[in-house]
Amino acid sequence: MSTKKATSALISVFHKDGLEPIVKKFNDLGITIYSTGGTEKFIKDLGIDVVPVEEVTSYPSILGGRVKTLHPKVFGGILNRQDHEGDIAQLEEFEIPQLDIVIVDLYPFEKTVASGASEQDIIEKIDIGGISLIRAAAKNYKDVLCVSSMEDYGEVLDIISSGKGTTTMEERRKFATKAFNVSSHYDTAIFNYFNQKHNEPVLKISETKGQPLRYGENPHQKGLFFGDFDAIFTKLHGKELSYNNLLDVDAAVNLMNEFRNDAPTFAILKHNNACGLATRTTILQAYVDALAGDPVSAFGGILISNVEIDKPTAEEIHTLFCEVVIAPSYSKEALEVLKGKKNRIILILKEVDLPDTLVRTCLNGILVQDKDQKTDSVDDLNYVTNKKPSSKELEDLIFASKLCKHTKSNTIVLAKNKQLCASGTGQTSRVDALNQAIHKAKSFHFDLNGAVMASDAFFPFPDCVEIAHKSGITCVIQPGGSIKDQLSIDYCDKNNIAMVMTGTRHFKH
């Protein structure tokens with residue numbers, strides 16, 4: 001039957017917020033309510049009749065509440081097929097009540113894990129009866145309405161009220177879909193908790209907060225974001241973020257994470273790559289010098305600061321069209337200025353740990369890898385040339401290396417005085433990347449004499465150090481590891497260039 005009128009309901013929930021109107025509506029419609037434990041008490045306190053499940057099963061809640069509803073009379077009432085003569089006969093034979101609606105939610109397993117609770121407390125939040133009831137009711141959606149989350153209470157109340165206790169097949173199937181989403185997500189969370197210690201080579205991802213985007217990378221593509229954006233950001237102003245905005249914001253946050261504890265640093269990104277970056281004594285000067293790195297590409301870019309943005313900096317930013325501004329905080333006056341453009345997205349970046357695993361689709365499967373958490377430091381450097389970098393050059397080398405790590409391969413980064421002069425990004429040849437960077441730096445009138453060069457991978461030939469040297473670059477940082485490393489070292493020694501090797505490649509594809 002497609003449309004069914006409910007005459008009975010089983011209610012057993014952990015979260016009772018929003019439940020009262022449903023219970024009262026059931027009572028008004030003459031729907032018999034069965035319940036257990038705290039939910040039973042909640043209903044009785046409303047002055048509404050409720051039948052304890054123990055009266056049906058003739059068993060009390062046992063094992064400290066671990067077993068309450070796990071009984072044939074409960075599951076028989078849910079799983080029976082109402083168009084099946086044998087099932088109906090067995091309900092009568094064993095005095096099993098028909099259950100038309102099941103409202104059950106699950107113990108808060110994920111919240112308990114997140115709270116830092118003990119393992120024993122976490123284990124006790126693995127729901128057995130609840131998950132079984134949800135699966136049973138959802139399986140038998142042809143006859144049973146399954147409500148598995150308090151987030152659906154409002155919708156259920158509207159359906160029951162407008163239909164005077166009746167539901168359609170389409171409505172019941174919709175709620176069954178919701179229920180299996182709840183149950184599968186719950187099981188995924190439990191597995192991932194256990195797998196933290198055992199590290200089985202299994203990928204289980206479950207995100208239930210899908211946010212539709214205006215479109216994907218291009219207008220003809222659909223786009224969705226799955227995740228908790230609000231856990232990382234507080235959005236203060238502006239339009240909704242797009243698919244491309246989110247990718248750029250992700251790149252910006254990961255880049256600035258390298259400079260989290262540094263002096264005031266400002267970055268400008270476009271298409272996931274930094275087109276401007278500078279570290280200075282004030283955030284205003286950091287912004288001005290970051291913008292100087294490429295004021296053309298900065299148009300429509302993503303801006304990010306590692307310290308509070310003040311009014312003078314905001315006034316400078318306001319003259320530029322940009323999509324997103326990100327900072328740990330803003331002065332009141334700065335916010336007033338930045339909000340002057342109604343579509344400009346303004347975000348506060350919270351102190352949160354970013355995911356340490358990267359996941360992407362590939363062919364007909366999925367690639368998973370650890371995030372590149374290695375940040376090159378002075379302690380990692382192997383001084384391979386006769387000339388050694390000065391203390392100022394060392395600072396620039398580490399600055400350039402941090403940026404190089406977050407720029408698309410093949411890449412070359414040129415920096416001077418903790419300022420990005422230019423970078424060559426996403427080239428098929430490292431020589432092309434270097435020539436692109438040099439050309440770009442000169443087009444914006446940067447003096448490369450005394451600048452440093454960073455490469456995300458080794459030089460198989462000395463051509464790059466030769467080109468760099470002829471442009472005035474005096475110091476190079478690269479991973480090393482080529483069987484022909486010595487060719488580049490020899491060129492540097494002959495031409496009074498300092499070169500250091502880190503031993504760590506930073507490809508970014």
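In what follows, the structure referred to is the one given above.
In short, a report on the structure. Since this is a predicted model, take the numbers as computed values, not measurements.

Basis of the calculations
Residues numbered from 1 in each chain as written. Predicted model: local features only at pLDDT ≥ 70, side-chain atom pairs only at ≥ 80, totals over all residues. Heavy atoms only, no water. Axes fitted to C-alpha atoms, helices over the stretch in contact; angles between N-to-C directions. Helix = DSSP H or I, 4+ residues; strand = E, 2+ residues; numbered from the N terminus. Parallel < 35°, antiparallel > 145°, perpendicular 65-115°, else oblique. Left-handed = near helix turned anticlockwise from the far one by under 90°. Contact = heavy atoms within 4.5 Å. Nonpolar A, V, L, I, M, F, W, Y, C, P; charged D, E, K, R; others polar. Pairing = 2+ DSSP bridges. Phe/Tyr/Trp six-rings, centres within 6.5 Å; stacked < 30°, edge-to-face > 60°. Buried < 20%, exposed > 50% of the residue type's maximum accessible area, 1.4 Å probe, protein only. Lys NZ or Arg CZ within 6 Å of the ring centre and 35° of its normal. Expected span 1.5 Å × (residues − 1). Arc of directions from axis to C-beta. Salt bridge = Lys/Arg side-chain N within 4 Å of Asp/Glu carboxyl O. Polar contact = N/O pair within 3.5 Å; in protein donor to acceptor, adjacent residues only side chain to side chain. Core = buried A, V, L, I, M, F, W, Y, C linked by side-chain atoms within 4.5 Å.

A word on the packing of helix α12 (residues 283–292) against helix α13 (residues 311–318)
Any two packed helices are characterised by the angle at which their axes cross and by the distance between the axes.
Okay, so step 1: The interhelical angle for the contact between α12 and α13, taken along N-to-C directions, is 20 degrees, at an axis separation of 8 Å. With respect to α13, the axis of α12 lies roughly parallel. The handedness of the crossing between α12 and α13 is left-handed. Between α12, through Ile283, Leu284 and Tyr287, and α13, the contact on the second element is made entirely by Pro312, Thr313, Glu316 and Ile317.
Okay, so step 2: Looking at the contact of α12 with α13 residue by residue, the class counts come to five nonpolar, one polar and one charged.

A short note on the packing of helix α8 (residues 129–139) against helix α10 (residues 169–198)
Okay, so step 1: Contact geometry of α8 with α10 gives a least axis separation of 9 Å together with a crossing angle of 150 degrees. Compared by their axis directions, α8 and α10 come out roughly antiparallel. In terms of crossing hand, the pair formed by α8 and α10 is left-handed. Across the interface between the two elements, Ile131, Ile134, Arg135, Ala138 and Lys139 from α8 touch Ala176, Ala179, Phe180, Ser183 and Tyr186 from α10.
Okay, so step 2: Of the residues belonging to the contact of α8 with α10, the class tally is seven nonpolar, one polar and two charged.

A short note on the sheet that holds strand β22 (residues 475–478)
Okay, so step 1: On the basis of which strands lie adjacent, the open sheet formed by six strands has the order β18-β23-β22-β21-β19-β20 and mixed pairing. Each edge of the open sheet carries a strand with a single partner, namely β18 (382–383) and β20 (420–424).
Okay, so step 2: Bridging between strand β19 (residues 412–415) and β20 involves four bridges; their strand directions are antiparallel. Bridged to Val413 within β20 is Ser423.
Okay, so step 3: Each of β18, β19, β20, β21 (452–455), β22 and β23 (498–501) touches helix α15 (residues 391–405); the most contacted strand, β21, lies at about 35 degrees to it.

Side note on the packing of aromatic side chains
Okay, so step 1: Enumeration according to the criterion identifies nine aromatic pairs in this entry.
Okay, so step 2: With 6.1 Å between their ring centres and 70 degrees between their planes, Phe14 and Tyr107 make a pair best called edge-to-face. Separated by 93 residues along the polypeptide, Phe14 in the loop between β2 (8–12) and α1 (20–28) and Tyr107 in the loop between β5 (101–104) and α6 (109–114) bring together distant segments of the chain.
Okay, so step 3: Under the relative-accessibility criterion, Phe14 is labelled partly exposed at 38%.
Okay, so step 4: One aromatic cluster is present, built from ring pairs that chain together Phe109, Tyr186, Tyr193 and Phe194.
Okay, so step 5: A cation over a ring is seen here: Lys178 above Phe175, with NZ or CZ 5.7 Å from the ring centre.
Okay, so step 6: A cation over an aromatic ring shows up here: Lys204 above the ring of Phe191, its NZ or CZ 5.5 Å from the ring centre.

Some thoughts on helix α16 (residues 430–443)
Okay, so step 1: For α16, which comprises 14 residues, the first-to-last C-alpha distance of 20 Å matches the rise-based estimate of 20 Å (1.5 Å per residue) to within 8%.
Okay, so step 2: For α16, the complete set of buried residues consists of Arg430, Ala433, Leu434, Ala437, Ile438 and Ala441. Axial view of α16: buried residues confined to an arc of 130 degrees, hence all on one face. For α16, exposure combined with an orientation more than 90 degrees from the buried face picks out His439 and Lys442.
Okay, so step 3: Packed against the buried residues of α16 are β19, β20, β21 and α17 (463–470).
Okay, so step 4: His445 sits one or two positions beyond α16 and adopts a positive phi of about 65 degrees.

Here we look at unusual backbone geometry
Okay, so step 1: In this structure, Asn410 follows Ser409 across a cis peptide bond, with omega equal to -15 degrees.
Okay, so step 2: Its location among the elements puts Asn410 in the loop between α15 and β19.
Okay, so step 3: Even without a glycine there, the phi angle at Asn417 is positive, about 55 degrees.
Okay, so step 4: Note that Asn417 resides in the loop between β19 and β20.
Okay, so step 5: You can call Asn417 partly exposed: its relative accessible area is 37%.
Okay, so step 6: If you check the backbone angles, His445 has positive phi at about 65 degrees while not being a glycine.

Details of the pattern of salt bridges
Okay, so step 1: In this structure the tally under the stated criterion is 21 salt bridges.
Okay, so step 2: One salt bridge connects Asp100 with Lys4, and the closest N-O pair in it is separated by 3.2 Å. Pair noted here: Asp100 is in the loop between α5 (85–93) and β5 and Lys4 is in strand β1 (residues 3–5), with a separation of 96 residues, a long-range link.
Okay, so step 3: Notably, a salt bridge pairs Glu119 with Lys197, separated by 3.8 Å at the nearest N-O pair. Of this pair, Glu119 sits in helix α7 (residues 119–124) while Lys197 is found in helix α10, placing the two residues 78 residues apart along the sequence.
Okay, so step 4: By relative accessible area, which is 40% here, Glu119 ends up partly exposed.
Okay, so step 5: When salt bridges that share partners are traced, they join Asp152, Glu155, Lys174 and Lys178 into one network.

So, the side chain of Asn254
Okay, so step 1: Counting through the fold element by element, Asn254 comes out in helix α11 (residues 243–257).
Okay, so step 2: For Asn254, a relative accessible area of 14% corresponds to the buried category.
Okay, so step 3: Among the polar contacts made by the side chain of Asn254, one reaches the main-chain carbonyl oxygen of Asp250 at a distance of 2.8 Å.
Okay, so step 4: Apart from the residues lying within four places of it in its own chain, the contact partners of Asn254 are Leu354, Lys371 and His406.

Remarks on the nonpolar core
Okay, so step 1: Core analysis: the largest hydrophobic core is formed by 38 residues, its most contacted members being Val249, Leu269, Ile304, Ile326 and Leu347.
Okay, so step 2: With seven residues, α11 is the single largest residue contributor to this core.
Okay, so step 3: Counting residues in each nonpolar core, the second largest holds 29 residues, with Tyr34, Phe109, Ile126 and Ala179 among its members.

Things to note about the sheet that holds strand β13 (residues 301–305)
Okay, so step 1: Taken together, six strands build an open sheet; the order of strands is β10-β15-β14-β13-β11-β12 and the sheet is mixed. At either margin of the open sheet sits one strand with a lone partner, and together these are β10 (233–237) and β12 (273–279). The sheet shows a mean angle of 20 degrees between the axes of neighbouring strands, direction not considered.
Okay, so step 2: The sheet strands contacting α12 are β11 (265–270), β12 and β13, and the helix crosses β11 at an angle near 30 degrees.

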